[in-house]
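Residue-level structure breakdown
Now for the letters of each chain:
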There are 2 protein chains.
Amino acid sequence: MLAANTQTSNHVPGRAAAVIPIRPVQDSDAPRHGTARCSSCSMRSICMPPELSAEDLSKLDTIICSTRAVKRGDTLYRAGDSFKSIYAIRAGSFKTVVMHRDGREHVTGFEIAGETLGLDGVCAGQHNCDAIALEDSVVCIIPFAQLEIICREVKSMQHHIYRMMSGEIVRDSVQMMLLGTMSAEQRVATFLLNLSRRFKARGFSAAEFHLRMTREEIGCYLGMKLETVSRMFSKFQRGHLVHANGKTVRIVDPEGLANV
Amino acid sequence: MLAANTQTSNHVPGRAAAVIPIRPVQDSDAPRHGTARCSSCSMRSICMPPELSAEDLSKLDTIICSTRAVKRGDTLYRAGDSFKSIYAIRAGSFKTVVMHRDGREHVTGFEIAGETLGLDGVCAGQHNCDAIALEDSVVCIIPFAQLEIICREVKSMQHHIYRMMSGEIVRDSVQMMLLGTMSAEQRVATFLLNLSRRFKARGFSAAEFHLRMTREEIGCYLGMKLETVSRMFSKFQRGHLVHANGKTVRIVDPEGLANV
DNA sequence: CGAGCTCTTGAAGGGGTTCAAAATTAGTGG
DNA sequence: CCACTAATTTTGAACCCCTTCAAGAGCTCG
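Residues numbered from 1 in each chain as written. Chains lettered and ligands numbered in written order. Predicted model: local features only at pLDDT ≥ 70, side-chain atom pairs only at ≥ 80, totals over all residues. Heavy atoms only, no water.

**Comments concerning the environment of phenylalanine 204 of chain A**
Condition: Secondary structure elements follow DSSP: runs of H or I of four or more residues count as helices, runs of E of two or more count as strands, with numbering from the N terminus. Each residue is placed in one exposure class: buried if its accessible area under a 1.4 Å probe, protein chains only, is under 20% of its type's maximum, exposed if it is over 50%, and partly exposed if it falls in between.
For phenylalanine 204 of chain A, the location among the structural elements is in the loop between α5 (184-201) and β9 (208-210). Residue phenylalanine 204 of chain A is classed as exposed on the basis of its relative accessible area of 53%.

Here it is, written out as structure tokens:
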């Protein structure tokens, strides 16, 4: 058995046995892992502005000094947790889930390496959703109060944070359009092409990749039932647009997929 | 006849006659109207942080020095327009519309007095949606580059902008949940209660108000057809939850509406 | 290997759409 | 101020896409 929960001990002992999932205030941002260095990080070109000087980078290194490992299925943070940091995904992937008071869940996004998590928490000082690892993952912890200080000193960092947040707003509006106007077939096609594009931007294959989420999670993200997701995969397979074998997906005809 | 288009001349002459709606780069933020003053504005408590000093306010007054009137149906900005400013709605209301390449439209939001427009443009340096006035409206023009300078000097302003953007992200995730998981009936109920809450926060009646948008625009916002919106209004009327007479709405039973 | 998820596929049912037409409201010009 | 036209809203009826329910196959991980 793996040494679970040594690094991801944001679950208080005994929590799993509690009937009602209380959300205790946690000191979950204590360093859990080795040192992180933006100045030598391979993800920097993806998650930081390009025009930083060596001096700017060393400022960053003084605040982003720790990472945290999150095991598959564990939460990085939960809705209601007090907001202190944002997180850059160094390896792995996550889903973010909002829950309605009646228990209904909705997946608001899937995030992969090089993307950030937690900006929703700035508004109310507490997180608005659960962030759950889809596989064993590692994040860089970026204390937001200290980031704000750097942003007052380094203009390009300031602008970068504004752009990151604005980018999230733009992506959300695209997703609202998808949920509001597209057929199930178009939603799944758009989803696959979007993942493909993001993998490609990180140097992975745009054509073939491994889905880390279940059909149910995809459905919950796209506003449909898991059976419908499965039917659309099968339909694309019959139409020679996509070859899907369980969680391994190969996009055969991207043009065709974009035109469904 | 009113002196139309003297203040809202962001449409280049002859544009209406063009077959293809070209989007020219516009100098649309030249002052169009009298002077604005945050220091004496009645909306300040809604759109600015509360803890600003007199000195901070005078800094704001130096950059927010002009307003712009937008007539009903005219655009404040269009998707593709280069991004220079954000806008605080001083009076009136707007809808924001994103368009898919196939011509499909989706209304991403309705904004009323005290709310802001344009933050989606920071990301790519150009606006991502059209902002269209639902009635004759007035906005304060806030040049973003100058706002960034103030945010490096005034900590509370910096944090305020981060919170505004984060708030938009949170609202978007609520809307995605609505579009992804709720029935038509629940969507319309949620929409009415949301409007009610926002009117109340501005000192208007929470129970009775006037809708500035059509059933079609509501449907386009909520991911359903205008006929369905109309049927839900009728259903609420029969259930004595809402009294709707055209665009005048009176919420009779807010509790009941919240529990549909 | 085997228990429990996950995925696929079929068949029936329902919520929302589509099409159509009438009623009401808003806007315009005489 | 009223008549007239266009736009918006309401309501009905038929249809369809997606959901629901069910069962079996496949995969994964301890």
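**Some points on the nonpolar core**
Keep this limit in mind: Throughout this description, the term nonpolar core refers to a set of buried Ala, Val, Leu, Ile, Met, Phe, Trp, Tyr and Cys residues connected via side-chain atoms within 4.5 Å. We call two residues in contact when some of their heavy atoms are within 4.5 Å.
Grouped together as the largest cluster of nonpolar side chains are 66 residues, with contacts concentrated most on Phe191, Leu192 and Phe233 of chain A together with Phe191, Leu192 and Phe233 of chain B. Ignoring sequence-local partners within four residues, the contact set of phenylalanine 233 of chain A consists of Val188, Leu192, Leu211, Arg215, Ile218, Ala244 and Val249 of chain A. Counting residues in each nonpolar core, the second largest holds 52 residues, with Cys47, Ile63, Cys140 and Val154 of chain A among its members.

**Details of the interface of chain A and chain B**
Inclusion rule: Buried area is calculated as the accessible area (1.4 Å probe) missing from two parts once they are joined, with the contributions of both summed. Throughout this description, the term salt bridge denotes a Lys or Arg side-chain nitrogen within 4 Å of a carboxyl oxygen of Asp or Glu.
The interface of chain A with chain B comprises 43 residues on the first partner and 42 residues on the second. The contact between chain A and chain B buries some 4100 Å² in all, and 62% of this surface belongs to carbon and sulfur atoms. Looking only at chain A, the three residues that lose the most surface to chain B are Arg152, Tyr162 and Met176 of chain A, adding up to 19% of its buried area. Our count for the chain A to chain B interface comes out at zero salt bridges.

**Some details on the protein's contact with DNA strand C**
Selection rule: Proximity is defined per residue: any heavy atom of the residue falling within 4 Å of a molecule or strand makes that residue near it. Polar contacts here mean pairs of N or O atoms no more than 3.5 Å apart (in protein, one a potential hydrogen donor and the other a potential acceptor; neighbouring residues in sequence count only if both atoms are side-chain atoms). Charged means Asp, Glu, Lys or Arg here, nonpolar means Ala, Val, Leu, Ile, Met, Phe, Trp, Tyr, Cys or Pro, and polar covers whatever is left, Gly included.
Around DNA strand C, the surrounding shell holds 18 residues, and the nearest of these are Arg215, Ser230 and Ser234 of chain A together with Ala184 and Thr228 of chain B. Across the atoms of DNA strand C situated within 4 Å of the protein, the share located in sugar and phosphate is 64%. At 3.3 Å, a backbone N or O of lysine 225 of chain B approaches a phosphate oxygen of DNA strand C. Between glutamate 227 of chain B and DNA strand C, the recorded distance is 3.3 Å, taken from a side-chain N or O atom to a base nitrogen. By residue number, the principal contributor to the surface near DNA strand C is helix α7 (residues 226-238) of chain A, which donates five residues. Within the surface near DNA strand C, the residues separate by chemical class into three nonpolar, seven polar and eight charged.

**Remarks on helix α2 (residues 54-63) of chain B**
Residues and elements named next belong to chain B. Heads up, the rule is: Of all possible arcs, the one meant is that of the directions from the helix axis to the C-beta atoms.
Listed in full, the buried residues belonging to α2 are Asp56, Leu57, Leu60, Asp61 and Ile63. Down the axis of α2, the smallest arc covering the buried residues is 165°, so these residues share one side. In this structure, α2 carries Ala54, Glu55 and Thr62 as exposed residues pointing more than 90 degrees from its buried face. The inward-facing, buried residues of α2 contact α1 (44-47), β8 (137-143), α3 (144-153) and α4 (155-181).

**Regarding the sheet that holds strand β9 (residues 208-210) of chain B**
Residue and element names in this part refer to chain B. Spelled out, the test is: The pairing criterion is simple: DSSP has to find at least two bridges between the two strands. Under this scheme, a helix contributes an axis fitted over its contacting stretch, all axes are lines through C-alpha atoms, and angles between N-to-C directions fall in the 0 to 180 degree range.
In space, the three strands of this open sheet follow the order β9-β11-β10, with antiparallel pairing throughout. Only two strands of the sheet have a single partner each, and these edge strands are β9 and β10 (242-245). Strand-to-strand, the axes of this sheet are offset by a mean angle of 15°, without reference to chain direction. Where β9 and strand β11 (residues 248-251) come together, three bridges link them in antiparallel fashion. When the bridges of β11 are listed, glutamate 208 appears paired with arginine 250. Running over the sheet, helix α7 (residues 226-238) touches β10 and β11 and is turned about 130° from β10.

**Side note on the protein's contact with DNA strand D**
The immediate surroundings of DNA strand D are formed by 16 residues, with Ala184 and Thr228 of chain A together with Arg215, Ser230 and Ser234 of chain B found nearest. Taken together, the sugar and phosphate atoms account for 62% of what DNA strand D places within 4 Å of the protein. Here a base nitrogen of DNA strand D and a side-chain polar atom of glutamate 227 of chain A are 3.3 Å apart. Here a phosphate oxygen of DNA strand D and a side-chain polar atom of threonine 228 of chain A are 2.3 Å apart. Counting residues per element, the ones that place at least two in the surface near DNA strand D are α7 of chain A together with α7 of chain B. In terms of residues, the surface near DNA strand D owes the most to one element, α7 of chain B, which gives five residues.

**Quick look at the packing of α5 of chain A against helix α6 (residues 215-222) of chain A**
All names here are of chain A. To keep it simple, the criterion reads: To sort the angles, those under 35 degrees are grouped as roughly parallel, those over 145 as roughly antiparallel, those from 65 to 115 as roughly perpendicular, and the leftovers as oblique.
Contact pair α5 / α6: the axes reach a minimum separation of 11 Å and the direction vectors enclose 110°. By the criterion of interaxial angle, the relationship of α5 to α6 is roughly perpendicular. On the side of α5, the interface is formed by Arg187, Val188 and Phe191, while α6 contributes Ile218, Tyr221 and Leu222. Along the lines of polarity and charge, the residues of the contact of α5 with α6 split into five nonpolar, no polar and one charged.

**What to know about unusual backbone geometry**
Even without glycine at this site, histidine 240 of chain A takes up a positive phi of about 60°. Relative accessible area serves as the criterion here: at 61%, histidine 240 of chain A is assigned to the exposed category.

**Some remarks on the pairing of strand β7 (residues 130-133) of chain B**
Residues and elements named next belong to chain B. Here β7 shows a buried face lined by Asp130 and Ile132 and a second buried face lined by Ala131 and Ala133. In terms of strand pairing, strand β2 (residues 75-77) meets β7 through two bridges, oriented antiparallel. Counterpart to threonine 75 in the pairing with β7 is isoleucine 132. Pairing analysis gives four bridges linking strand β4 (residues 93-99) to β7, with the strands arranged antiparallel. What sits directly across from phenylalanine 94, in β7, is alanine 133.

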